[in-house]
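The primary structure of each chain is shown beneath.
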Amino acid sequence: MPKEKKNNKNRVQSFFLLIFVPAVFTLTLLTIVLSFMGVNVLQKAEAAAGHLPVISQWVSASEEETVSSSKEQLERTIEENNSEIQQLEAENKDKDATIEELNQSIEELEMQLEKSSKDEETEEDGPDQTSETARAFQEMDEEEAAPIIENMNENLAVSLLEKVKSDQRGAILGVMDPEKAAELTSLMTSTN
């Protein structure tokens, strides 16, 4: 009996050493070489196994699992994309609101600019009136012009006196109250 057990052991060992190990080694080496050559060995093996009666059930089940997991992954991607779209739409609405506010600000500033340009046109008309008034004062006697200028706003009086010829200005200031004349003269010299 011990010889039979030993013989059986030797047969099993010889089978593994002479047939199984070289076959596994050859298959591994062949798989590596074919992979380097660009052949998808696993896909080819699955296709070949799909034609075998018993193994085809296992292979088709794994294909169904692959399709199922692929479908789940695509659904997750769709959900992520939809949430990103919603987030971008919200940001777009915020930016549209900001744009609307800025457009309103622009309109307000344009209105203010128009108003200020109209005010400037009015102010431009003012100096012409000042020049005309200054000419009227040049034609008046200094005794008539002095009391009028004394009772005017000081800034207006200064701008009028600056436009009057210097000899006429001196005559008007000479007729005025000395304190008021000194005050207007100092204002004229400080603006120049």
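Check the entry above for the structure.
What you see is a predicted model; the values in this text were computed from it and never measured.

(A) Focus on the overall build of the protein. Across its full length, the protein carries seven helices and zero strands. Element order for the protein, N to C, with α for helix and β for strand: α-α-α-α-α-α-α. Considering the protein as a whole, with its 192 residues, one finds that 11% of them fall into the buried category. Across the protein, contacts joining residues at least 24 apart in sequence account for 60% of those joining residues at least 6 apart. When the accessible area of the protein is evaluated, it comes to approximately 15,800 Å², of which 56% is carbon and sulfur surface.

(B) Looking closely at the pattern of salt bridges. Applying the stated criterion across every chain, the model contains one salt bridge. A salt bridge links glutamate 154 to lysine 180; the nearest nitrogen and oxygen atoms lie 3.9 Å apart. With a gap of 26 residues between them, glutamate 154 in helix H5 (residues 154-163) and lysine 180 in helix H7 (residues 178-191) connect regions that are remote in the sequence. A relative accessible area of 18% means that lysine 180 is categorised as buried.

(C) Broad picture of the environment of lysine 180. Sequence-wise, lysine 180 and isoleucine 149 are 31 residues apart; in three dimensions their C-alpha atoms are separated by 9.7 Å. Setting aside residues up to four positions removed in sequence, lysine 180 forms contacts with Glu150, Met152 and Glu154.

(D) Expanded view of the environment of glycine 174. If you trace the backbone, glycine 174 turns up in helix H6 (residues 166-175). Since its relative accessible area comes to 61%, glycine 174 is described here as exposed. Taking the C-alpha atoms as reference points, glycine 174 and glutamate 143, 31 residues apart in sequence, are found 9.4 Å from one another.

(E) Fine view of a nonpolar patch on the surface. Together, Val12, Phe15, Phe16, Leu17, Leu18, Ile19, Phe20, Val21 and Val24 make up an exposed nonpolar region whose accessible area comes to about 870 Å². Secondary-structure assignment places phenylalanine 16 in helix H1 (residues 2-36).

(F) Molecular detail of the nonpolar core. Of all hydrophobic cores here, the largest spans 17 residues; its most connected members are Phe137, Ile149, Leu161, Ile172, Leu173, Met176 and Leu184. Setting aside its immediate chain neighbours within four residues, leucine 184 contacts Ile149, Glu154, Ala157, Val158, Leu161 and Met176.

(G) Seen up close, a negative patch on the surface. Together, Glu91, Asp94, Asp96, Glu100, Glu101, Glu107, Glu108, Glu110 and Glu114 line one region of the surface with negative charge. The residue glutamate 114 is located in helix H3 (residues 55-139) in this model.

(H) Spotlight on the side chain of glutamine 168. For glutamine 168, the position within the fold is in helix H6. Ignoring anything within four residues of it in the chain, the contact list for glutamine 168 reads Phe137, Gln138, Met140 and Glu142.

(I) Region of interest: helix H4 (residues 142-150). Every buried residue of H4 is accounted for by Ala145, Ala146 and Ile149. Down the axis of H4, the smallest arc covering the buried residues is 105°, so these residues share one side.

(J) Molecular detail of H5. Every buried residue belonging to H5 is among Ala157, Val158, Leu160 and Leu161, and all of these are buried. In a view along the axis of H5, the buried residues occupy a sector of 165°, so they form one face of it. Two or three places before asparagine 155, at the opening of H5, asparagine 153 has a side-chain oxygen 3.1 Å from that residue's backbone nitrogen.

(K) Structural context of the packing of H4 against H6. Where H4 contacts H6, the axes come no closer than 8 Å and their chain directions differ by 70°. On the basis of the axis angle, H4 is roughly perpendicular to H6. With respect to the hand of their crossing, H4 and H6 are arranged in right-handed fashion. Judged by residue contacts, Glu142, Glu143, Ala145, Ala146 and Ile149 of H4 engage Gln168, Ala171, Ile172 and Val175 from H6. Its residues assigned to classes, the contact of H4 with H6 comprises six nonpolar, one polar and two charged.

Scoring rules and cut-offs
Residues numbered from 1 in each chain as written. Predicted model: local features only at pLDDT ≥ 70, side-chain atom pairs only at ≥ 80, totals over all residues. Heavy atoms only, no water. Helix = DSSP H or I, 4+ residues; strand = E, 2+ residues; numbered from the N terminus. Buried < 20%, exposed > 50% of the residue type's maximum accessible area, 1.4 Å probe, protein only. Contact = heavy atoms within 4.5 Å. Areas by Shrake-Rupley, 256 points an atom, 1.4 Å probe, with all protein chains shown as cover. Salt bridge = Lys/Arg side-chain N within 4 Å of Asp/Glu carboxyl O. Patch = residues over 30% accessible without salt bridge, like charges linked within 9 Å, V, L, I, M, F, W, Y side chains within 5 Å. Core = buried A, V, L, I, M, F, W, Y, C linked by side-chain atoms within 4.5 Å. Lys, Arg positive; Asp, Glu negative; His and termini not counted. Charge placed at Lys NZ, Arg CZ, Asp CG, Glu CD. Arc of directions from axis to C-beta. Polar contact = N/O pair within 3.5 Å; in protein donor to acceptor, adjacent residues only side chain to side chain. Axes fitted to C-alpha atoms, helices over the stretch in contact; angles between N-to-C directions. Parallel < 35°, antiparallel > 145°, perpendicular 65-115°, else oblique. Left-handed = near helix turned anticlockwise from the far one by under 90°. Nonpolar A, V, L, I, M, F, W, Y, C, P; charged D, E, K, R; others polar.

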